[in-house]
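Secondary and tertiary structure notes
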Amino acid sequence: MRPVSVWQWSPWADLLCLLCLLCLLCSSCLGSPSPSTDPEKRVGSQGLRFRLAGFPRKPYEGRVEIQRAGEWGTICDDDFTLQAAHVLCRELGFTEATGWTHSAKYGPGTGRIWLDNLSCSGTEQSVTECASRGWGNSDCTHDEDAGVICKDQRLPGFSDSNVIEVEHHLQVEEVRIRPAVGWGRRPLPVTEGLVEVRLPDGWSQVCDKGWSAHNSHVVCGMLGFPSEKRVNAAFYRLLAQRQQHSFGLHGVACVGTEAHLSLCSLEFYRANDTARCPGGGPAVVSCVPGPLYAASSGQKKQQQSKPQGEARVRLKGGAHPGEGRVEVLKASTWGTVCDRKWDLHAASVVCRELGFGSAREALSGARMGQGMGAIHLSEVRCSGQELSLWKCPHKNITAEDCSHSQDAGVRCNLPYTGAETRIRLSGGRSQHEGRVEVQIGGPGTLRWGLICGDDWGTLEAMVACRQLGLGYANHGLQETWYWDSGNITEVVMSGVRCTGTELTLDQCAHHGTHITCKRTGTRFTAGVICSETASDLLLHSALVQETAYIEDRPLHMLYCAAEENCLASSARSANWPYGHRRLLRFSSQIHNLGRADFRPKAGRHSWVWHECHGHYHSMDIFTHYDILTPNGTKVAEGHKASFCLEDTECQEDVSKRYECANFGEQGITVGCWDLYRHDIDCQWIDITDVKPGNYILQVVINPNFEVAESDFTNNAMKCNCKYDGHRIWVHNCHIGDAFSEEANRRFERYPGQTSNQII
């Protein structure tokens, strides 16, 4: 956006102005348009005008519309990027873009679609400098209109933009349910009560004349509930006669598939309307919470039996409930969904199917990290009324159609539980870190206290960061002496042990009112460092299957391996240096598919030098290797220290960042992988003492949860294997959560082989 030209004073300026005013042609005389108060603001560079449209939205976000040759139109989201958003935000008078949206998030526009396949580098002064298919040349529909989210900061010196806002309609900014009785004393989340909308002048009720179940469905979805039920209308009618109401909205008519009440047809009362909602009362809804929130709302969990053989949906990689990468089950195997045509309707179907409300965002471009394995669906087109994503029309995908960089994700609306008000951080350098303080007690006896640091780790920190709404856990700290706790010194919770999936710390196992802490004092209380992003490690299971073999290695070549405890315990009593050990060797290729680099927990100053192998260990145990019987009994084990975490190879658009040579920094960059070849020391399991039979080979990455990840459920890999005392067959290798529950049961019941033919 070019700055508006500025007057330079000269002695002749007053005279010129006087002459121009007399001629009523001042702006023409001066050669520059003067700022106009007309709604149609000045024409931008290249004769274009820009505006943000659609709703619900904030003043700095919306659907981008361009006026060209007197006609308004939109931009298609094909090939749209953040760089294009930067250029458009500057055209709109903002400093930069913080994001962009696709699939008509702010509602479909009308008229022409002016630009398609827009490609910008981000440095252009005008959108006309960007490449595209040409003005008006598009094969899109308005369901693919692009939007931008600009930083709420104007360009320096910006005084008169070429932004033309759509007419200033009243908007429903927020919706809530207010209990008709007992306001403030009801358990959260609130599931039934009067519908209230926040307008610019405050909260108002909605007239119930013409109110339908579709309207209730939309309201419940916005508030995080998957469905609604009928209310006792007679009770609320009687109650309404005894209360005063302030109506601000009427004539609401939703289809039922809208993600926000503002997208429904509705009418606002005017300020001079004296008779509001004659013969009617306030609209009331009763919402049904999903299974995750049913217990806390005081309602019994309703076990909804799914039809036999019905495919399922899950979310992976999200920091909060109701967000993550969408994965669907097909032929007993989990796979992802391609983001082509992905929109709020499809995302809302997923959210409601999982027991949440409607979708807040439909995410594209693997915003929740990349999956691994199959991509099952593409071009999913839902109306919003379907009960399952599989009921929506979709395209079965082939490997050439889509990549995991296009995995679809969602963020769902969640019920308000107030959980974040019962926990806080103190003493940290930022709002994302500090000593954990929790609130305990009942009405009148509420007090804040600390948590004992004994056994506090990454899993507990994950739950704390989730409850705080601060994303993932970066570190769980057992000592916080460097963070001042102020006047809070009492330890009120100890023995906290979480699985990592809980919504709040009080759902984790703990000692209750009996506080037991081995190390007393505020310096040994729990702390966390939270992060908006996290790594996610996955093992390339097919490579393990392809490279597994047996080697009989002489003992005289295993002194260093024995020093690092890479052999079975029976090796200590062997006749060194004579004899050999039987080793199951294989390669492991570990990918980081998360949204943050994987770094060792310890810094370089504390890495341990191992003279025998001549390298540093940044993590004592990076992977566990186990041979298990079908019932889970461990018969052989091995482990691998992270003597060299580095980027062996990366995706073509990613640069290597970590290299072990010359005491370099260790880690695995997002989009890269670290390869431990089968022929290096300790890349094995010592099976010398294992008897012939059918077993399970299991590899677990980051087994002690030393480094935080967005998802620990995919850290294990399993294979079936048959050992006949001389040879080994390894097959059916897969990531631990890649199969359905039934397929996993079949895997564990595998009867073995009668020959070397895999069956």
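Overview of the structure. Here the structure is a predicted model, which means the values were calculated and not measured. (Residues numbered from 1 in each chain as written. Predicted model: local features only at pLDDT ≥ 70, side-chain atom pairs only at ≥ 80, totals over all residues. Heavy atoms only, no water.)

Neighbouring strands of a sheet are bound in pairs by backbone hydrogen bonds; such pairs are parallel or else antiparallel. Strands sit in the order β27-β30-β36-β35 across an open sheet of four strands; the sheet is antiparallel. The two strands at the open ends of the sheet, each matched to only one other strand, are β27 (537-539) and β35 (649-650). Across four bridges, strand β30 (residues 588-592) lies against strand β36 (residues 672-676) in antiparallel orientation. Bridging across to β36, H591 finds its partner in W673. (Pairing = 2+ DSSP bridges. Helix = DSSP H or I, 4+ residues; strand = E, 2+ residues; numbered from the N terminus.)

In the structure shown here, the tally under the stated rule is 10 aromatic pairs. On the basis of an interplanar angle of 80 degrees and a centroid distance of 5.1 Å, the ring pair of F235 and Y236 is categorised as edge-to-face. Given a relative accessible area of 38%, F235 falls into the partly exposed group. With a centroid separation of 5.2 Å and an interplanar angle of 75 degrees, the aromatic rings of F586 and Y625 are classed as edge-to-face. On the criterion of sequence distance, the pair formed by F586 in the loop between β29 (580-585) and β30 and Y625 in strand β33 (residues 623-628) is long-range, its members being 39 residues apart. With respect to class, F586 is no different from Y625; both count as buried. Of the aromatic side chains, those joined through ring pairs into one cluster are W481, Y482 and W483. For R51, the ring lying beneath its charged end belongs to W72, and the centroid distance is 4.1 Å. Here the basic side chain of R68 rests over the ring of W114, its NZ or CZ set 5.6 Å away from the ring centre. (Phe/Tyr/Trp six-rings, centres within 6.5 Å; stacked < 30°, edge-to-face > 60°. Buried < 20%, exposed > 50% of the residue type's maximum accessible area, 1.4 Å probe, protein only. Lys NZ or Arg CZ within 6 Å of the ring centre and 35° of its normal.)

Note on terminology: disulfide describes a covalent bond linking the sulfur atoms of two cysteines. As enumerated under the stated definition, the model contains 15 disulfides in all. Between the sulfur of C465 and that of C530 lies a disulfide, 2.0 Å long from S to S. Measuring the twist about the S-S bond at about -85 degrees, one finds the C465-C530 disulfide to be left-handed. Here C530 lies in strand β26 (residues 527-531) and C465 lies in helix α8 (residues 458-468), a separation of 65 residues in the sequence. Both residues of the pair, C465 and C530, count as buried. (Disulfide = S-S within 2.5 Å.)

Moving on: the side chain of E144. Of note, E144 is situated in the loop between β5 (112-115) and β6 (147-150). If we skip the residues at most four places from it in the chain, E144 touches I75, C76, D77, D78, S103, A104 and K341. (Contact = heavy atoms within 4.5 Å.)

With that settled, consider the nonpolar core. Core analysis: the largest hydrophobic core is formed by 34 residues, its most contacted members being F586, F598, F622, I627, I685, L697 and M717. For this core, the secondary-structure elements that each account for two or more residues are β27, β33, β38 (693-701), β39 (716-723) and β40 (728-735). Counting residues in each nonpolar core, the second largest holds 26 residues, with A347, V349, L377 and L389 among its members. (Core = buried A, V, L, I, M, F, W, Y, C linked by side-chain atoms within 4.5 Å.)

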